[in-house]
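Observations on chain architecture
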Amino acid sequence: MVIKGYTDYGVSTKTGLGGTKICFDAMTNDQIDLYPEYTGTGLLAILQPAQKDIDALGGDRDKTYRYVKAAFEKRYKIKWLVPIGFNNAYALMMRKKQAGQLAVKTISDLKQYLDR
């Protein structure tokens, strides 16, 4: 709607394409020109870097965006546009009593507990 409303470009909407792999394949095969994707999904599902490279990003969204943008341009000749403000941050639920017993308030706390 934004492209159609604010530009002279022709727009054809294709819905129901499925998930990331289908959309990515459609883009690399010139079947679609544009689709929204989370940087984390682009990183993990498509680029699949070594764990050391993921760890080096430290969960920083700006570093992740820059890494994904550069890697997609280099590997696939696909340009990532600026983020549009969506976030699919994850959270976990745990029973309050158990979380208190384990001193777990964050996902990082849980990881530290599991690493012990």
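Structure's up top.
Residues numbered from 1 in each chain as written. Predicted model: local features only at pLDDT ≥ 70, side-chain atom pairs only at ≥ 80, totals over all residues. Heavy atoms only, no water.

**Some remarks on the environment of Asp115**
Relative to the assigned elements, Asp115 resides in helix 7 (residues 107-115). Reaching out from Asp115, the side chain makes a polar contact with the side chain of Lys111 at a distance of 2.7 Å. (Helix = DSSP H or I, 4+ residues; strand = E, 2+ residues; numbered from the N terminus. Polar contact = N/O pair within 3.5 Å; in protein donor to acceptor, adjacent residues only side chain to side chain.)

**Regarding the side chain of Thr64**
Within the element layout of this structure, Thr64 appears in helix 5 (residues 61-76). On the accessibility criterion, Thr64 (9% relative accessible area) is buried. (Buried < 20%, exposed > 50% of the residue type's maximum accessible area, 1.4 Å probe, protein only.)

**Some words on a nonpolar patch on the surface**
A cluster of nonpolar side chains, Ile3, Tyr9, Val11, Leu34 and Leu81, forms an exposed patch at the surface whose accessible area comes to about 510 Å². With respect to the helices, strands and loops of the structure, Val11 is situated in the loop between helix 1 (2-6) and helix 2 (20-28). According to the relative accessible area criterion, Val11 is partly exposed, its value standing at 39%. (Patch = residues over 30% accessible without salt bridge, like charges linked within 9 Å, V, L, I, M, F, W, Y side chains within 5 Å. Areas by Shrake-Rupley, 256 points an atom, 1.4 Å probe, with all protein chains shown as cover. Salt bridge = Lys/Arg side-chain N within 4 Å of Asp/Glu carboxyl O.)

**With respect to the packing of aromatic side chains**
Throughout the structure, instances matching the rule amount to four aromatic pairs. An angle of 80° between the planes, with centres 4.9 Å apart, marks the rings of Phe24 and Tyr76 as edge-to-face. Placement of Phe24 in helix 2 and of Tyr76 in helix 5 is noted, with a sequence separation of 52 residues between them. On the accessibility criterion, Phe24 (8% relative accessible area) is buried. Take Tyr76: its relative accessible area is 26%, and that puts it in the partly exposed class. (Phe/Tyr/Trp six-rings, centres within 6.5 Å; stacked < 30°, edge-to-face > 60°.)

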